[in-house]
Amino acid sequence: MSDPQAMRNITYAQAIRTALREEMKRDERVVLWGEDIGVYGGVYGATTGLQREFGTERVRDTPISEMAIVGMGVGAALLGLRPVVEIMYEDFLAHAADGVVNQAAKWGYMSGGQYRVPLVVRSPGGGGSGYAAQHSQNLEAWFAHIPGLIVVATCMPRDARGLLKAAIRDDNPVVFLEHKGHYTYKGDVPRDEEVLPLGKADIKRPGRDVTIVAWSKALVAALSAADELASEGIDAEVIDPRTLLPLDMDTILASVGRTRHLVVVSESHAYCGVSAEISAQVCERAFGELKRPPKRVGSHFVPLPYSEPMESYVIPDAARVAEAVRGLLA
Amino acid sequence: MSDPQAMRNITYAQAIRTALREEMKRDERVVLWGEDIGVYGGVYGATTGLQREFGTERVRDTPISEMAIVGMGVGAALLGLRPVVEIMYEDFLAHAADGVVNQAAKWGYMSGGQYRVPLVVRSPGGGGSGYAAQHSQNLEAWFAHIPGLIVVATCMPRDARGLLKAAIRDDNPVVFLEHKGHYTYKGDVPRDEEVLPLGKADIKRPGRDVTIVAWSKALVAALSAADELASEGIDAEVIDPRTLLPLDMDTILASVGRTRHLVVVSESHAYCGVSAEISAQVCERAFGELKRPPKRVGSHFVPLPYSEPMESYVIPDAARVAEAVRGLLA
Amino acid sequence: MRSDRVEQLLAFYRGMLRIRLFEEKILDVMLPGRMFRGSSHLSIGQEAVAVGVVSALGPQDYLITSHRGHGHCLARGMDMEGAFAEIMGRSTGVCAGKGGSMHLSARDLGILGENPVVGSSAPMAAGAALALRMQGSHGVVACFFGEGAINTGAFHEAVNLAALWSLPVVFVCENNRYAISVPVDVASARAKAIHERALGYGIEGHRIDGMNVLDVYDISMAAIEKARREGRPSFLVFDTYRFVGHHTADSEHYRPKDEVLQEFRAHDPIHFVERSVADDCIVDMTELVRIRDEVRAEVDAAFARALGAPWPSPEDALGGAYVETSASFTCTGLPG
Amino acid sequence: MRSDRVEQLLAFYRGMLRIRLFEEKILDVMLPGRMFRGSSHLSIGQEAVAVGVVSALGPQDYLITSHRGHGHCLARGMDMEGAFAEIMGRSTGVCAGKGGSMHLSARDLGILGENPVVGSSAPMAAGAALALRMQGSHGVVACFFGEGAINTGAFHEAVNLAALWSLPVVFVCENNRYAISVPVDVASARAKAIHERALGYGIEGHRIDGMNVLDVYDISMAAIEKARREGRPSFLVFDTYRFVGHHTADSEHYRPKDEVLQEFRAHDPIHFVERSVADDCIVDMTELVRIRDEVRAEVDAAFARALGAPWPSPEDALGGAYVETSASFTCTGLPG
Ligand SMILES: Cc1ncc(C[n+]2csc(CCOP(=O)(O)OP(=O)(O)O)c2C)c(N)n1
Ligand SMILES: Cc1ncc(C[n+]2csc(CCOP(=O)(O)OP(=O)(O)O)c2C)c(N)n1
Ligand SMILES: [Mg+2]
Ligand SMILES: [Mg+2]
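Analysis parameters
Residues numbered from 1 in each chain as written. Chains lettered and ligands numbered in written order. Predicted model: local features only at pLDDT ≥ 70, side-chain atom pairs only at ≥ 80, totals over all residues. Heavy atoms only, no water. Helix = DSSP H or I, 4+ residues; strand = E, 2+ residues; numbered from the N terminus. Rg over C-alpha atoms; globule rule 2.2 N^0.38 Å. Buried < 20%, exposed > 50% of the residue type's maximum accessible area, 1.4 Å probe, protein only. Contact = heavy atoms within 4.5 Å. Areas by Shrake-Rupley, 256 points an atom, 1.4 Å probe, with all protein chains shown as cover. Lys, Arg positive; Asp, Glu negative; His and termini not counted. Charge placed at Lys NZ, Arg CZ, Asp CG, Glu CD. Near = heavy atom within 4 Å. Polar contact = N/O pair within 3.5 Å; in protein donor to acceptor, adjacent residues only side chain to side chain. Nonpolar A, V, L, I, M, F, W, Y, C, P; charged D, E, K, R; others polar. pLDDT = per-residue confidence, 0-100. Salt bridge = Lys/Arg side-chain N within 4 Å of Asp/Glu carboxyl O. Donors = N, O, S within 2.8 Å, 3.2 Å for Na, K, Ca; no water. 1 Å grid on protein atoms, 1.4 Å probe; cavity = no way out; pocket = protein on both sides within 12 Å on 5 of 7 lines; lining within 4 Å. Sits in = over half its atoms within 2 Å of the grid points. Buried area = accessible area lost by both parts, 1.4 Å probe.

Quick word on the overall build of chain C
Scanning chain C for helices and strands turns up eleven helices and eight strands. Taking 2.2 N^0.38 as the reference for a compact globule, 336 residues should give roughly 20 Å; the C-alpha atoms of chain C span a radius of gyration of 20 Å, in line with that estimate. On the principal axes, the C-alpha backbone points of chain C span a range of 70 × 50 × 45 Å. For chain C, buried positions account for 65% of its 336 residues. Considering only contacts in chain C between residues 6 or more positions apart, those separated by 24 or more positions represent 74%. About 11,300 Å² of surface is accessible on chain C, with carbon and sulfur atoms providing 53% of the total. On chain C, the mean spot of the 32 positive side-chain charges and the mean spot of the 42 negative ones are 2 Å from each other.

So, the site of ligand 1
If you check the shell around ligand 1, you find 21 residues, and the closest are B:Glu66, C:His67, C:Arg68, C:Pro116 and C:Asn176. Of the chains in the model, those with residues near ligand 1 are chains B and C. A distance of 2.7 Å separates an oxygen atom of ligand 1 from a polar side-chain atom of C:Arg68. A distance of 3.0 Å separates a nitrogen atom of ligand 1 from a polar backbone atom of C:Val118. Its residues placed into classes, the shell around ligand 1 shows ten nonpolar, seven polar and four charged.

Points about the confidence of the model for chain C
All names here are of chain C. Across chain C, pLDDT averages 94, with 96% of residues at or above 70. The model gives residues 327-334 a pLDDT under 50, and that stretch makes 27 contacts with residues more than four places away or in other chains. Scoring of the predicted complex yields 0.98 for pTM and 0.97 for ipTM.

Some remarks on unusual backbone geometry
For the peptide bond that leads from A:Leu245 to A:Pro246, omega is -10 degrees, which places it in the cis range. Structurally, A:Pro246 is set in the loop between strand 12 (243-245) and helix 8 (249-259). Positioned with a positive phi, A:Ser216 is a non-glycine residue whose angle comes to about 50 degrees. For A:Ser216, the location among the structural elements is in the loop between strand 10 (210-214) and helix 7 (218-230). With relative accessibility at 9%, the residue A:Ser216 sits in the buried group. For D:Ser166, which is not glycine, the phi dihedral falls at a positive 50 degrees. Overall, D:Ser166 belongs to the partly exposed group, its relative accessible area being 24%.

Points about the pattern of salt bridges
Within this structure, the stated rule accounts for 98 salt bridges over all chains. The partner of B:Arg296 in a salt bridge is A:Glu284, with the nearest N and O atoms 2.8 Å apart. A residue pair is termed interchain when its members come from two chains, as with B:Arg296 in strand 14 (residues 295-299) and A:Glu284 in helix 9 (residues 274-285). Residue B:Arg21 is joined to B:Glu53 by a salt bridge in which the shortest nitrogen-to-oxygen separation is 2.5 Å. Here the residue B:Arg21 occupies a position in helix 1 (residues 12-26), and B:Glu53 occupies one in helix 2 (residues 50-58), the gap between them amounting to 32 residues. The exposure class of B:Arg21 is partly exposed, given its relative accessible area of 34%. Beyond isolated ion pairs, a larger network of salt bridges with shared partners links A:Glu22, A:Glu23, A:Arg26, A:Arg161, A:Lys165, A:Arg169 and A:Glu193.

A short note on the coordination of the magnesium ion (ligand 3)
Residues and elements named next belong to chain C. With distances of 2.1 to 2.2 Å, the protein atoms coordinating the magnesium ion (ligand 3) are Glu-147 (OE), Asn-176 (OD1) and Tyr-178 (O). All donor residues of the magnesium ion (ligand 3) come from one chain, and their arrangement in sequence is E-x28-N-x1-Y. For the pair Asn-176 and Tyr-178, a shared accessibility class is recorded, and that class is buried.

Side note on the site of ligand 2
In the vicinity of ligand 2 lie 21 residues, with A:Glu66, D:His67, D:Arg68, D:Pro116 and D:Asn176 positioned nearest. Residues lining ligand 2 come from chains A and D. Contact between ligand 2 and D:His67: an oxygen atom at 2.7 Å from a side-chain N or O atom of the residue. At 2.9 Å, a backbone N or O of D:Gly148 approaches an oxygen atom of ligand 2. Relative to its unbound accessible area of 570 Å², ligand 2 is 97% covered by the protein chains. Among the detected pockets, ligand 2 sits in the largest cavity. For the shell around ligand 2, the residue count by class is ten nonpolar, seven polar and four charged.

A look at the side chain of B:Thr154
Residue and element names in this part refer to chain B. With respect to the helices, strands and loops of the structure, Thr-154 is situated in the loop between strand 6 (150-153) and helix 6 (157-169). We classify Thr-154 as buried; its relative accessible area is 0%. The residues touching Thr-154, leaving out its near neighbours within four places in the chain, are Tyr-12, Asp-159, Ala-160, Leu-163, Phe-176, Leu-177, Glu-178, Ser-216 and Asp-240.

Remarks on the interface of chain D and chain B
If you look at the interface, chain D gives 52 residues, while chain B gives 52 residues. With both sides pooled, the region where chain D packs onto chain B buries about 4,200 Å², and carbon together with sulfur makes up 62% of that total. Where chain D meets chain B, there are one salt bridge. In this assembly, chain D and chain B are joined by 15 residue pairs in polar contact (both at pLDDT 80 or more). Counting residues per element, the ones that place at least two in the side of chain D that touches chain B are strand 1 (62-65), strand 2 (111-114), helix 5 (121-134) and helix 6 (153-164) of chain D. In terms of residues, the side of chain D that touches chain B owes the most to one element, helix 5 of chain D, which gives ten residues.

Structural notes on the interface of chain B and chain A
On the side of chain A, 54 residues touch chain B, which itself brings 54 residues to the contact. Between chain B and chain A the total buried area reaches about 4,900 Å² when both faces are included, carbon and sulfur atoms providing 65% of it. Summed over the three residues of chain B that lose the most area to chain A, namely B:Trp142, B:His145 and B:Tyr271, the buried surface amounts to 17% of that side. Taken together, chain B and chain A are joined by four salt bridges. Between A:Arg296 and B:Glu277 there is a salt bridge whose closest N-O contact spans 2.8 Å. Along the contact surface separating chain B from chain A lie 25 residue pairs in polar contact (both at pLDDT 80 or more). Among the elements that line the side of chain B that touches chain A, the one with the most residues is helix 4 (residues 93-110) of chain B, at twelve residues. In terms of residue class, the side of chain B that touches chain A is made up of 34 nonpolar, twelve polar and eight charged.

Laid out in structure tokens, this is it:
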């Protein structure tokens, strides 16, 4: 599996498509619906060709009806399908939140375990493309706050493919958050089937001096920052939790135990974000091990502005991450 | 103002009603709409009599249309009304989240400051009444994560009246979260007008040994716990942040600076909740002052079950708060 | 020999009485005795819709309902003891005490559950119907809701999709004239003809007397068969009335007591059967009395057993938020 | 002397050309020059609806529109330079660079703004209309959206409320046959008569040729006056077509190029005016040429000025999330 011969270098969009395709071939109960996912292949190309391959019954273009897209997904999941539905922008999960949070997350529990809801809700979030405030949010913290859900937020092709496959096979409802600025990002993905475990973090870069936890596109900023810092003699460990609910605190705590310094980086706002949870848990559970208080780096606390100079100022970049690390270690 | 002669002992519902009534008399742009708020007076009686007093134009029963209740509130606020809309259960903000988060929170910013959205969205959350998983959530963390909003969560009659008045006068959109288990709770409220500042915490009980931050109905548990602890010689300071966005960290940090111990208590889940933010910020900003890592107490991480033994087990009570404090100070 | 129709009417009568007496137990015994929590939404007065529609469903069919769903569940065969126990919060309840009055469900009976979030059952019904169709079943989904639900966005999105994709759903609207306190014409444009909202989607909309169980049954049969055979959804609006409060804590000051009394005298669906049986002298009245006695005994026995059932232990709350059997799910970091 | 109608037609012609040339600048110059970010949704082909409807609005009226709203804004008098500058992200933009192409707004012109969240403008329009009425204005709100929006729950909830509360709103649906790639009949039940969805709410629904600016204007006048005088909302569905992609990054492989060409040849709303003017010989064609030249000069000048405008500074991002003037708002704990 780790034989480099057996790798394909593909984009994040292709990785997602590969996962969908493989799972649809494997299990005919897997069906897709969402806006423009058919002929169009999804506005970011994540479903290109799937309608041609699997037909209009299994790959369905829907009306602009976010509530029904998710609500129908819940209903269909109760009766044996395994729907993977797409909400075109994460912001519009605000229209579909009832289905995700009140229905999918709770139906199994409320029924005393009679039902399960094997539903995956895919949705791209994130800024950096000039789509402004209503098409750029990162709302992972909303869903991570809700028991009954699994929340994945990942931006690397291999992780996306392996975790989406796991999400589809899982009997719990999964909110699978993608990043719209990453669909053309390339990475190596095994040719062979690979199903990655939900709830397991991945150490993207081992290091000794500081633990940087970062997910979704902020991971890329964290990795560049780590490179930059390396040239200054700072050896950063970069951890991608990948799943935000459940969260693999074991891996994070073990790392902090080694580096004794923590920086949490997210594109989402730090305030009341998943990064607050990580910072708090590390402090609460590894208080004595930290040499310095943790730092969080996130988008500034404003709606995302359109214009480039403002937008790139709001979203954290490698420089801001590196700066935070330097400040922490100084 | 602090003259006890000038106080009335009224319920939380009456306090809210008083604020609405006073502001409606003061400013004819203040209008109310929501489900069953007219003749019925709201399912928890918070608007009893207001339709009779102010008429059906200003106090409107709506259809079951949560999206439109909030969306119309935004539109009306843009053109000069100051709507106070009610969403009958906080859970159903999941249906209205687009209006709150994508529209109200962002319209002013996106328009470059041309518009403002003086809208108040009132909604009762919380469990403890046997309404089960879909009628009991505490979603303050969702809204506290969104720049552009002000988030109030308070359960004391005096605070509710003073802060609701401030919310109505404020030109920013305010999510005003009430607790359905508290409408009959009584407290002293000044006879005179009192507008309390948004963004200011209140020390409900001064103490030296530990800082307990708690809001909404969990505050009551925290206060009883403090009484219980007092008999054991533990002197707890109990702080009610009241506003969760913006959050008055100055008051919390000053308190922790004195007590050097922190317990954060909420009925909402601790995981990715506002309590994570408070714990994280205290650690990040007052690391050296803490003698022990903070503790958080929240509802167990499951949908809220119906049956009494299970429900009361899930929601934190005074005993669990006291236990956490004892554990911290042990 | 009695005709099938008479047998059917007697079966309907029994079905309606089972609901009526079940819910009267809630109102008359459990409410004063504080034997349940939160609030319970009774369908007293609306039993003909429950029995008429549900009787028209076949074994392969499903139903999903609202907060006011006891009747639909009982008509579909839900175990009465399990239902009582659930409402009492006992571990033997149909949802092990986790759901309560607003969340009854029974997978093995094709009861998807009660969904008290108004409107949200409609897309779920459509999705369930799609699942049935795609899996080769000829099942139909009946979706029950009140007239208040037709103003939710979720309802509209679901009806459009059901019509567009030819899904086997029957949307059953019980127009009991109030949504909590709000009369239908205060909430709905064109309140006198809400069934015509169907027209915009090109599906059939019908308005039917919901107090006449035979009419309810007949139109439901037709709609269910249409859904089953042609994949055409329908929108059935049954005129009905609830003789009790919105829930067990309702002061009911939004409607005159006279109105309730008058409706009860004139339109009680159970009296309707008794009257038509008596008028036509088709069965001996003692038979009705016998049925009533049997049902009462059934209800009393189920109630007594439920009342003796054990409570869940507090920690039972912690199980069931996640299905943990799935291979890939490692649960190490689940928050406490 | 020329009739008022001719003057009007020429004014419409100028109005449509202003939109067309403004957007062609985006397509032909700004797109290849990478002068804007994200994507820009052009209404090329739909100008007759913008000009026809907006011309029927009075000064006290308001409009709210969708992601495809440049035309409505320009027709209402938005400063062209400010619009260009906004799309370029300059500090002189109408929203100071914070909104971009999808969020143009102009309070002083009665432009509530573009709302690119499909469907969400409908309740806002209803609320704005209620505010106008309650404050004694006789203003009307025009709410523009595409045919894709009619399947959103928000639209349905808003139409019911506007009908129920007699709000002065005109719901203007531009049926350009596609929602991104999805044809109207793939998304909407009863796609051939979507205007009939109005019937369920007891309001008027009309289907009109949206390529004929005079027809658009006439029906809009009637609907706006009906809203103003009687508080009756209407639902106007204009048949139109977009001659360009959904946005500036659209591959358009979901529709045949032929279809676009044929629609363009047969139905371009700007050709329509030119043809009718020419056919009836009512004005000298050189006058049309002169108008075109004037508009081109206006667009070029506005564009050039916008292009020379300053960028916002990065920190400008931090202002404006909150109104900080309100007395009671103390901002000490705002998160960083
Ligand atoms: C989305 C949503 N909004 C509000 C409520 C609160 N609520 C519960 S029942 C009800 C009235 C429902 O009326 P109707 O649909 O006519 O059903 P009925 O109660 O008359 O059976 C309301 C508003 C809810 N449960 N869900
Ligand atoms: C609620 C919501 N869902 C999805 C989208 C993504 N989206 C943007 S435009 C569009 C199509 C809109 O089609 P239509 O309403 O016909 O307007 P048109 O683009 O044709 O003018 C979609 C799906 C959105 N902006 N908002
Ligand atoms: Mg009703
Ligand atoms: Mg369109």
